[in-house]
Amino acid sequence: MLRVLTPGIQTTVQDFPGRTWYWNIGIPPSGPMDSLSLRIANRLVGNPEGAAGLEITLIGPSLEFEKATTIAISGAKLQSRLEGKEIPWNTPIAVKAGQVLEMGNPLSVGCRTYLAISGGIDTPDYLGSQSTFVSGKFGGFEGSALLKGDRLKFRNTAKAKKKTEIPANLIPEFKNHWEIGTVPGPHSAPDYFLPDDVNMFFSTNWKVHYNSNRLGYRLDGPAPQFARENGGEGGHHPSNLHDYVYSIGTINFTGNLPVILTQDGPSLGGFVCMATIAKAELWKVGQAKPNDTIRFIRLTYNQALDKRREQERLICSI
C-alpha cells in the first residue's frame, strides 16, 4: 500500500495511452500530459509502458510506502527526499517498507513529474483505463486527485532493470521556452485565415496563460485578421463554424484567443483549428507552465510521422 500524507497541488493516477475508443461519444482519453516521461519511468522499473503511475503537478506529495518496492521518477525535477536523503531522477530506486518519499517545490523548469512503482498502481479500470478524469469524476483513485489519507495499492510484481540510469541523450530537455512541432490545419489559409495569419502564428512566441490546465492551454499573443468577415451559419465571429471534431493537440481560436486542446479537453466544438501538434511533441505541452513561451515549428505530415517513429525507437532502447 501507498499512503498519502500530503497530496501536493494535483496528483492523479494516469496510465498510457489513457481511455481510448470513446472520443466519438465525448469522453476524453485523459492519461499523462507528458506521456514520454511516464513511459520512461515505467521502463526503468520494468513495467509495461502502459502501467498506471502518478502524475504530479508543480508541487509534489509526501507518500509513505507500507511495503518494499522499486520506484523511478521522471519529468520535471522537484525537491525530493527519501527518508531525508536526496534521490536521483531517471533511475530505479529501492524503497523499504515504512519509508517516506517527500516531494516538494520545483527545482527549475517544467510542470509535471511522474512516479512509477514496480508493478504499477492497482486501481480499477473504468472504460478500459485507470486514468483519472477529474472533471468527469471517474477513473484513477475514486475519480479524484489524491487527498490526504488516501491509500493506494500497487502490484509490486515487476523487477527493475539492471541498468541504473538511462543515457543522457534520451532524457527530455526542459525549458522555459518551448519549440513545438506542429502541422498546419485542418482549418488554415486561405479559407479561414489569411496567409499573414499563418505566418504570424508560426513566428510568434506565445505566452502560456495562467488559466491553463488538463482541459486546455490558453495562449497570449497577437490576434489574427481572419479571411472571413464572420462565421456565417456557424456564428457572428469569423472563428465560429458548425461543430467540428477536435484532436488532442489541436490549436483552435476561440475568438481571437488560441487554445491548445489537451488530454481532458472537448472532442468537438464550434471554433476553427489553425494547426495540430505532432503526437511526438505533445509531451512538451504537458511540461509548459504559466508564463513559459511557445514557438510553433511548422512540420509536414511526414516529418511528424518521422518524429514519432524516432521517439518510439528511443523509448524502446531503454
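Residues numbered from 1 in each chain as written. Predicted model: local features only at pLDDT ≥ 70, side-chain atom pairs only at ≥ 80, totals over all residues. Heavy atoms only, no water.

What about the overall build of the protein chain?
Thought 1: Across its full length, the protein chain carries 4 helices and 21 strands.
Thought 2: Whereas a compact globule of 318 residues would reach a radius of gyration of roughly 20 Å, the protein chain reaches 20 Å, a difference of no more than 12%.
Thought 3: Out of the 318 residues belonging to the protein chain, those deemed buried represent 55%.
Thought 4: Surface summary for the protein chain: the accessible area is close to 14,200 Å², and the carbon and sulfur share equals 51%.
Thought 5: With 33 positive and 29 negative side-chain charges, the protein chain shows a separation of 7 Å between the mean positions of the two kinds. (Helix = DSSP H or I, 4+ residues; strand = E, 2+ residues; numbered from the N terminus. Rg over C-alpha atoms; globule rule 2.2 N^0.38 Å. Buried < 20%, exposed > 50% of the residue type's maximum accessible area, 1.4 Å probe, protein only. Areas by Shrake-Rupley, 256 points an atom, 1.4 Å probe, with all protein chains shown as cover. Lys, Arg positive; Asp, Glu negative; His and termini not counted. Charge placed at Lys NZ, Arg CZ, Asp CG, Glu CD.)

A word on the sheet that holds strand β3 (residues 53-57)
Within a beta sheet, neighbouring strands are joined by backbone hydrogen bonds and run either parallel or antiparallel to one another.
Thought 1: Taken in spatial order, the 5 strands line up as β2-β3-β10-β5-β8 in an open sheet, and their pairing is antiparallel. Edge positions in the open sheet fall to β2 (10-14) and β8 (93-95), since each of these has one partner strand only. Ignoring which end each strand starts from, the neighbouring axes of this sheet average 30° apart.
Thought 2: As judged from the 4 bridges shared by β3 and strand β10 (residues 112-117), these two strands associate in the antiparallel manner. When the sheet's bridge partners are listed, E55 is paired in β10 with Y114.
Thought 3: Contacts from helix α1 (residues 35-44) reach β2, β3, β5 (69-75) and β10 within the one sheet, and its direction differs from that of β5 by about 155°. (Pairing = 2+ DSSP bridges. Axes fitted to C-alpha atoms, helices over the stretch in contact; angles between N-to-C directions. Contact = heavy atoms within 4.5 Å.)

Digging into unusual backbone geometry
Thought 1: With an omega dihedral of 5°, the bond running from F16 to P17 counts as a cis peptide bond.
Thought 2: Mapping P17 onto the fold places it in the loop between β2 and α1.
Thought 3: For W21, which is not a glycine, the phi torsion comes out positive at approximately 80°.
Thought 4: Among the structural elements, W21 can be located in the loop between β2 and α1.
Thought 5: Taking relative accessible area as the criterion, W21 reaches 79% and is therefore assigned exposed.
Thought 6: Notably, E142 is not glycine yet its phi reads approximately 60°, a positive angle.
Thought 7: Within the element layout of this structure, E142 appears in the loop between β11 (121-122) and β12 (151-154).

What about the environment of I251?
Thought 1: For I251, the location among the structural elements is in strand β17 (residues 250-254).
Thought 2: Residues I251 and G50 lie 201 residues apart in sequence; the distance between their C-alpha atoms is 27 Å.
Thought 3: With sequence-adjacent residues up to four places away left out, I251 is seen in contact with T182, F201, P258, V259, I260, V272, C273, M274, A275, I277 and F296.

A word on the pairing of β5
A regular strand places its side chains on the two faces of the sheet in alternate fashion.
Thought 1: With respect to burial, β5 is a largely interior element, 7 of its 7 residues being buried.
Thought 2: Of the two faces of β5, the one holding T69, I71, I73 and G75 and the one holding T70, A72 and S74 are both buried throughout.
Thought 3: Pairing geometry for β5 and β10, over 5 bridges, is antiparallel. Counted as the bridge partner of S74 is Y114 from β10.

Quick word on a nonpolar patch on the surface
Thought 1: Together, Y244, V245 and L268 give the surface a local cluster of nonpolar side chains, amounting to about 270 Å² of exposed area.
Thought 2: Note that L268 resides in strand β19 (residues 268-271). (Patch = residues over 30% accessible without salt bridge, like charges linked within 9 Å, V, L, I, M, F, W, Y side chains within 5 Å. Salt bridge = Lys/Arg side-chain N within 4 Å of Asp/Glu carboxyl O.)

Examining the sheet that holds strand β9 (residues 100-106)
Thought 1: One open sheet holds the 7 strands; their spatial order is β7-β6-β9-β4-β1-β12-β11, and the pairing between them is antiparallel. At either margin of the open sheet sits one strand with a lone partner, and together these are β7 (85-86) and β11.
Thought 2: Across 2 bridges, the pairing between β11 and β12 is antiparallel. The residue of β12 that forms the bridge with I121 is F154.

Considering helix α4 (residues 301-316)
In an α-helix, one turn spans 3.6 residues; hence positions three or four apart end up facing the same way.
Thought 1: The terminal C-alpha atoms of α4, which comprises 16 residues, lie 23 Å apart, in line with the 22 Å expected from a rise of 1.5 Å per residue.
Thought 2: Of the positions making up α4, those classed as buried are A304, Q311 and I315. Taken around the axis of α4, the buried residues stretch over an arc of 35°, which confines them to a single face. Opposite the packed face of α4, turned more than 90 degrees from it, sit the exposed residues N302 and R309.
Thought 3: Turning to α4, the residues buried within the fold contact α1, β13 (177-184) and α3 (282-287). (Expected span 1.5 Å × (residues − 1). Arc of directions from axis to C-beta.)

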